[in-house]
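Residue strings, one per chain:
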Amino acid sequence: GPAWAPVGAMLPSAAKMAYNEMRAPALAAEQAKNTVRDQTLKAAQDEGFKVIPTQVESGPGKAALESLGGKAAIKQQATIDNQAVATSIARREIGLPENAPITMQTLEERRKVLSQPFDALAAVSPNAQYFLRELRDARQKATAFWKEYEVQKTVSSLENYRALDAKATAMEGKLQAEAVKAGKPELVPAMREARQAIAKTWDVERALNTGDGNIDAHALGRMYDRGAPLSGGLETIAKFANGPGRQVTGEISQTPTPNVSKLNWIGSGVLGAAGTALGPLGTAAGIAAPFVAPPAARGVALSDWYQRNYARPDYTPAMQPEQSLQSLFRT
């Protein structure tokens, strides 16, 4: 890697090969140990989620950059960025247009559109009408009990949620049987597809902050832990929030604004005084440094380029023969 480039450039190829062979078993063991985390991380990063680089893999250069940017501030900014990513994924998963608000009204309107295969069956069978009413009622009540459980953490709320969720599943099965009985078996695949899409709208509603329209990634994570059959982007959000993204996901309403600290003014005064020896430009640079350097460092640490290259696990030996960067030290 780059940190070992000067040393690697001075070592003969035989020594590099020997070192690589010695390190390979330990790196392979570490890679095997982190398989689940790395799979979760890759799926999340492909969606645009960001992490604190040193939490994935340490290094003196990464630590220096994060120290300059402020680890707490980097965590706060990553949480804010990840909130937007989670909400965007949820919007996509339920079929809303880009930047459309997620509200109780838009979710209900989306369900009406997705329910067309069910409505088509209900129009030809009284039993289907009853099953559909029971299904919608069960889903609505299940969501209410889940929200109650999120607040009160009572066993009864969780049990009621599970009972109503099971009832909704049973009603869906009866609706599919009714489609066959009514001579409309072609509705079954459409109903199954609609059921999965509608289920996602209920999952999103259970994780929705109705005050700001954002999705709580940890709420989806708790649902996933309790057996909710999340899929696609919602599953990615849940697994990231439960795993490598636990510290950088959450409600932004509870996240402080980065770089707001009285220490910036203290540092500005100290550095401004120290810069007087270099004249007016030195004084100005010293005063501005605490307000400019940390945000710039955070911008680098959370940039797409840096996250893509330095916030991913690397299990290759440290000294590779004739890497491009090492070759610079030979010239």
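Residues numbered from 1 in each chain as written. Predicted model: local features only at pLDDT ≥ 70, side-chain atom pairs only at ≥ 80, totals over all residues. Heavy atoms only, no water.

Of the regular secondary structure elements, the chain holds 17 helices and two strands. A buried classification covers 41% of the 331 residues belonging to the chain. Long-range pairs, those at least 24 residues apart, make up 70% of the contacts in the chain between residues at least 6 apart in sequence. (Helix = DSSP H or I, 4+ residues; strand = E, 2+ residues; numbered from the N terminus. Buried < 20%, exposed > 50% of the residue type's maximum accessible area, 1.4 Å probe, protein only. Contact = heavy atoms within 4.5 Å.)

On to the packing of helix H7 (residues 104-114) against helix H11 (residues 187-206), then. Relative to each other, H7 and H11 sit at 170°, their axes nearing to 10 Å. Considering the angle they form, H7 stands roughly antiparallel to H11. Taking contact as the criterion, the partners of Met-104, Leu-107, Arg-110, Arg-111 and Leu-114 in H7 are, on H11, Ala-194, Ala-197, Ile-198, Thr-201, Trp-202, Val-204 and Glu-205. When the residues that make up the contact of H7 with H11 are grouped by side-chain class, the tally is eight nonpolar, one polar and three charged. (Axes fitted to C-alpha atoms, helices over the stretch in contact; angles between N-to-C directions. Parallel < 35°, antiparallel > 145°, perpendicular 65-115°, else oblique. Nonpolar A, V, L, I, M, F, W, Y, C, P; charged D, E, K, R; others polar.)

Once that is clear, we can look at the packing of aromatic side chains. Applying the stated criterion to the full structure yields seven aromatic pairs. Between Trp-305 and Tyr-310, the aromatic rings sit 5.6 Å apart at their centres with planes inclined by 70°, giving edge-to-face as the arrangement. Members of the aromatic cluster, connected to one another through ring pairs, are Trp-146, Tyr-149 and Tyr-161. Looking at Arg-111, its charged tip hangs above the ring of Trp-202, at a distance of 3.6 Å from the centre. Looking at Lys-153, its charged tip hangs above the ring of Tyr-149, at a distance of 5.3 Å from the centre. (Phe/Tyr/Trp six-rings, centres within 6.5 Å; stacked < 30°, edge-to-face > 60°. Lys NZ or Arg CZ within 6 Å of the ring centre and 35° of its normal.)

This part is about unusual backbone geometry. If you check the backbone angles, Asn-99 has positive phi at about 70° while not being a glycine. As for its position among the elements, Asn-99 is in the loop between helix H6 (71-93) and H7. Of note, the phi angle at Lys-153 is positive, near 60°, even though the residue is not glycine. Topologically, Lys-153 is positioned in the loop between helix H9 (126-152) and helix H10 (155-181).

When you line up the elements, Asn-209 lands in strand E1 (residues 208-209). A relative accessible area of 22% places Asn-209 in the partly exposed class. A sequence separation of 107 residues divides Asn-209 from Ile-102, and the C-alpha atoms of the two residues are 9.3 Å apart.

With that settled, consider the pattern of salt bridges. Enumeration over the complete set of coordinates arrives at 21 salt bridges. We note a salt bridge from Lys-153 to Glu-150, for which the minimum N-O separation is 3.7 Å. What makes Lys-153 partly exposed here is its relative accessible area of 44%. Linked by salt bridges that have partners in common, Glu-47, Arg-92, Glu-93 and Lys-200 make up one network. (Salt bridge = Lys/Arg side-chain N within 4 Å of Asp/Glu carboxyl O.)

Moving on: the nonpolar core. Most often, soluble globular proteins have nonpolar side chains that are buried together. Counting residues in each nonpolar core, the largest one holds 64 residues, and the members touching the most others are Leu-175 and Leu-220. Sorting elements by how many residues they give to this core places H9 first, with eight residues. Residues contacting Leu-220, with those up to four places away along its chain left out, are Asp-203, Ala-207, Ile-215, Leu-230, Leu-234, Ile-237 and Ala-238. (Core = buried A, V, L, I, M, F, W, Y, C linked by side-chain atoms within 4.5 Å.)

Right, let's get into the confidence of the model for the chain. Per-residue confidence for the chain gives a mean pLDDT of 81, with 78% of residues at or over 70. Averaged pLDDT values over the elements of the chain bottom out at 42 in helix H17 (residues 324-330) and peak at 95 in helix H13 (residues 232-242). (pLDDT = per-residue confidence, 0-100.)

Packed helices, taken two at a time, are described by the angle their axes make and the gap between the axes. Where H9 contacts H11, the axes come no closer than 10 Å and their chain directions differ by 25°. The angle between H9 and H11 places the two elements in the roughly parallel class. In this structure, H9 crosses over H11, and the sense of that crossing is right-handed. Contact with H9, carried on its side by Arg-139, Gln-140, Ala-142, Thr-143, Trp-146 and Lys-147, involves Trp-202, Glu-205 and Arg-206 of H11 and no other residues of that element. (Left-handed = near helix turned anticlockwise from the far one by under 90°.)

Turning our eyes to something else, we now look at H9. Residues separated by three or four positions in an α-helix point in the same direction, a consequence of the helix having 3.6 residues per turn. Here H9 spans 39 Å end to end across 27 residues, near enough to the 39 Å set by a 1.5 Å rise per residue. Elements in contact with the buried residues of H9: helix H8 (116-122), H10, H11 and helix H12 (217-225). One or two steps after H9, the chain reaches Lys-153, where phi turns positive at roughly 60°. (Expected span 1.5 Å × (residues − 1).)

The next point concerns the side chain of Thr-143. Turning to its location among the elements, Thr-143 is positioned in helix H9. Excluding anything up to four places from it in sequence, Thr-143 contacts Trp-202, Glu-205 and Arg-206.

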